[in-house]
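Survey of secondary and tertiary structure
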Amino acid sequence: MLKDKFFREIENKEHPNEKLIKTHCSYCGMQCGMNLRVDTSSNKIIGVEPRYDWPVTVGKMCPKGVTAYQQTNHKDRILKPLIRDDASKKGTKEGFREATWDEAYDLIVNNFKTLQKEYGKDSLSVFSGVSMTNEKCYLTGKFARVGLQTRYIDYNGRFCMSSAAGGFLRSFGVDRGSTLPWTDVHETDCLFIAGSNTAECHPTSMFRVWEVQNRGGYLIVVDPRETPVARRADIHLDLKPGTDLALANGILHLLIENGYADESFIQNHTNGFEETKELVKEFTPAYTSELTGIDEDKIIRAAEIYGKAPNAIVMFARGAEQQHKGVDNVSGYVNLALVTGKIGRPKAGIATFTGQGNGQGGREHGQKSDLLPGYRKITNPKHVEEICKVWGITPDEMPEPGVSAYEMFELMHNKTIRGLYLLCSNPAVSAPNLNFVREAMKNLDFMVCSDFYLSESAEFADVILPSVTWAEDEGTVTNLEGRIIKINQAQEPIGQSKPDWRMQIELAERLGRGQYFRHLTSAKDIGEEFRLATKGGNADYYGATWDKIDQQDGVFWPCKDEEDTGTPHMFLDKKFYHPDGKAKICALPYRPPAEEPCEEYPLRLTTGRVVYHYLSGNQTRRIPFLKDMCPDPYVEIHPELAKSYDLSHEEEVRLFTRRGEAIFTVKITEAIRKDTVFVPYHFGHEQSINLLTIAALDPMSRMPEYKACAAQIEKLGVKESI
Amino acid sequence: MGRKLFLELENCIGCRSCLAACTQCGGHDQRNRNYVLDVNPFVNRQTMPLMCLHCVNPACARSCPAQAIQIHETGAVLSALVEKCIGCQNCTISCPYGIPKFDVEQNLMYKCDLCIDRTKDDIPPMCASVCPSNTLQWLTEEEIAEKQQQHEMENGKWVTSMPYLESETNVKINLPGILQGKEKLF
Ligand code: SF4
Ligand code: SF4
């Protein structure tokens, strides 16, 4: 289905004594198709071959994808459970000894039981992630609430997709990251991309992005830096970090002023227009320019292009979302499409670039503190009842909602939470305000970490459980389009490693909760129960069987039953998911970043990714090619700013904020605003920029403001007073 | 059959996936054989791949005293034959782009062979297979002709699709500037 101009029938190269296993990349939300090359005598993964027949990415991969296969048989793999008896070594790599699974499980169960007996069920917590299959994400939510019976579960999507989710829910009543399939992207007439370094973070979108321009369409990019995608943009709106909402309001004002509002669409399919129109009146080009630092002309021109475009897609990513008004930024950008009616048809709509491989699926099915499978709410008695039926518990057994990811660390500090089961995440690098977060982890009475490498977070654990890489398990993932796809197993787990779902089932048994889990003996079993659990929810996967996924090259949710082939385009009937079927145009008062530059901290610090690394870098920093290409973090500085601090290229400087400091190498480039510095966040220990970032949380999504805080630079070897 | 490598330099995003993928071709011994350059790193993020252009009359092969560099019937200029290469590095010096690399330990030249293992069967080379930006493409003669036509300016003066750079090459190139003079949709 959906084969487009980029699709070519190409036979794969097969080498003698090898077989190819079709699957997808382990990393970002693009979920590029790939074939893993497996040696048929050793049954080990030895390489990668493009998957030309995958309709979204037609064989293309970024360097992370090309080298992803090197994770599985890597020398750093943890092959046996590890136990550390000496708690004084917490926060270091030291003191671990190998143990049997039985010994590790016994220790965990004893500690968990003791803590819960003394301090109550909610003294335990689960911190999870979404770089794993739907089956694992689903089971993790069930394990926390039914296995451990705790309310405290949340996940790293709070640091990634939660603002997009919040914005979509408010504007549309449903949170599917893209309203259209990626095969539409290159066919639109205007791409408006805000806060996405697409070329580095979702590189395999780029052939479609460039094609819009090759066809004579327009590319508008909003970013404080001239990223590789901004370099070629028709208009680069180089805003100050943290001012997206002012820009969105300013453009909306111009669209309305200049007659680009679609009156009948607004009338029939939306609420909230008049109020919003009033609110954005204030955002004249002059005022918008003053707030954002962007030239007035460019704002006017961008609004004109977006307004005129027959079809346009507004896309955004963490740049807009990782702010303490991330949800408002998202709804603000969505407003552009709702007011102009450029949504609910092919080639026009809204999309967020999902960060993690399963950032979409993983947030829908119950790892979030207030959600249950199928995007159900734990605060809605009817929803709770539906899930209780599937799980075999009574509604009064369902725990209350918990708290968000960062707030869990606050509860670890004050000893409300005393035990942690961490999987598929590395918050000791990826959380904001790291001095506080690392202390919180140190403060725990007992911590378990499941990972396949010894991550910076595993250094705080008492027990480490060896999990498997993506290629040693199977299951489904939902990519950034909302397409459910299949990950296939290419190799048996190495050493004594096990998939997380197996650990959770075995732990539940030992915790005396086996009756709710023991009928599940494979990823497929979990998949079947999971589909059932989503039935009738907003994110309905019931009809997305593994067979259908294979036959159709993926299934877009919602997919309600056997006959349903899925929903590539959302809202074609112009029906939104709010009770009255209308979308909400949101009136959003502007507010500046939580921490504005001042005399003491005059610079704006923003953070982001490089093409060679993924998230906390726990995986990619171990891959030789990727490490060679980007071994260390750096601070990007405009030459004029560098001059004012007397800094030269490759000199080491101290960068600091109210929360922390670190030493970075200076990288001078004109491709950044003069008032802003940038540091990539993939690095551990004293190299983590998150030692400096601020934990100002969005009131709705609880997303921290990674993208803007106030900072200062100090030249090394020179006293501050000089 | 008969597709050729085509470079559209304007598209490059500097991801170096082409280099990572190069190591994946059978017979490439996990070593990558080309380069990606930062064009003007202090100013902007423009990058470009520097690939072997597989010259029709290749300087590297001409300069080789041991006739170690063979030309495949597809036009691909192959890596040095292990048994013939004497490690003199004439090829690297004579190549206008400095493409052939040298393994000091093995005293052996190695270079891009256009994934001959794949391209002899018209399977695209690894670099063009993975390139996320379509900087590197594997196209038929007709598709290349179409590209070149698209990018010729009316005044005939500023064309990105030059007939050839130093001399005639099997790999075809569009230099940066493909969007100049592009007629917009609206
Ligand atoms: S990291 Fe993302 S873009 Fe790169 S190969 Fe993997 S899925 Fe594709
Ligand atoms: S893979 Fe393509 S975009 Fe990436 S560096 Fe190579 S030529 Fe440039």
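Computed from a prediction, not measured in an experiment: that's the story for all the values here.

Attention now goes to the overall build of chain B. When helices and strands are counted, chain B shows six helices and seven strands. Of the regular secondary structure in chain B, the N- to C-terminal order runs β-α-β-β-α-α-β-β-α-α-β-α-β. Against the globule reference of 16 Å for 186 residues, chain B gives a C-alpha radius of gyration of 17 Å, in line with a compact fold. Projected onto the principal axes, the alpha-carbon positions of chain B cover approximately 60 × 35 × 30 Å. In chain B, buried positions account for 55% of the 186 residues.

Check the secondary structure of chain A and you find 22 helices and 28 strands. Principal-axis analysis of the C-alpha atoms gives chain A an extent of 70 × 70 × 60 Å. Burial analysis of chain A (722 residues in total) assigns 69% to the buried set. A separation threshold of at least 6 residues defines the contact pool for chain A, and within that pool the share at least 24 residues apart is 74%. The positive charge centre, built from 88 side chains, and the negative charge centre, built from 101, are 2 Å apart in chain A.

All right, on to the site of ligand 2 then. Near ligand 2, the surroundings consist of 14 residues, among which Cys12(B), Cys15(B), Arg16(B), Cys18(B) and Cys131(B) are the closest. Of the residues belonging to the shell around ligand 2, the class tally is nine nonpolar, four polar and one charged.

Further remarks concern the pairing of strand 12 (residues 312-316) of chain A. Looking along a regular strand, one sees side chains alternate from face to face of the sheet. Residues and elements named next belong to chain A. In terms of residue burial, strand 12 counts as a mostly covered element, since five of its five residues are buried. As defined by bridge partners, strand 12 adjoins strand 13 (residues 349-352) across four bridges and the pair is classed as parallel. Note that in strand 13 the partner of Val314 across the bridge is Ile350.

Attention now moves to the environment of His74(A). Residue and element names in this part refer to chain A. Inspection of the secondary structure assignment puts His74 in the loop between helix 1 (63-67) and strand 4 (82-84). Residue His74 is classed as buried on the basis of its relative accessible area of 12%. Through-space distance from the C-alpha of His74 to that of Arg622 is 8.4 Å; in sequence the pair is 548 residues apart. The residues contacting His74, other than those within four sequence positions of it, are Tyr453, Arg622 and Ile623. Of the polar contacts made by the side chain of His74, one reaches the backbone oxygen of Arg622; its length is 2.7 Å.

The subject of this paragraph is the confidence of the model for chain B. Per-residue confidence for chain B averages 88 on the pLDDT scale, and 91% of its residues sit at or above 70. Here strand 7 (residues 172-174) of chain B is the element of chain B with the lowest mean pLDDT, 83, and helix 5 (residues 126-130) of chain B is the one with the highest, 97.

Here the focus is the side chain of Asp4(A). Residues and elements named next belong to chain A. Considering the arrangement of structural elements, one finds Asp4 in the segment before strand 1 (18-24). Judged by relative accessible area, which is 14%, Asp4 ranks as buried. For Asp4, the side chain forms a polar contact with the side chain of Arg208, separated by 2.7 Å. The residues contacting Asp4, other than those within four sequence positions of it, are Thr183, His186 and Arg208.

Conventions adopted
Residues numbered from 1 in each chain as written. Chains lettered and ligands numbered in written order. Predicted model: local features only at pLDDT ≥ 70, side-chain atom pairs only at ≥ 80, totals over all residues. Heavy atoms only, no water. Helix = DSSP H or I, 4+ residues; strand = E, 2+ residues; numbered from the N terminus. Rg over C-alpha atoms; globule rule 2.2 N^0.38 Å. Buried < 20%, exposed > 50% of the residue type's maximum accessible area, 1.4 Å probe, protein only. Contact = heavy atoms within 4.5 Å. Lys, Arg positive; Asp, Glu negative; His and termini not counted. Charge placed at Lys NZ, Arg CZ, Asp CG, Glu CD. Near = heavy atom within 4 Å. Nonpolar A, V, L, I, M, F, W, Y, C, P; charged D, E, K, R; others polar. Pairing = 2+ DSSP bridges. Polar contact = N/O pair within 3.5 Å; in protein donor to acceptor, adjacent residues only side chain to side chain. pLDDT = per-residue confidence, 0-100.

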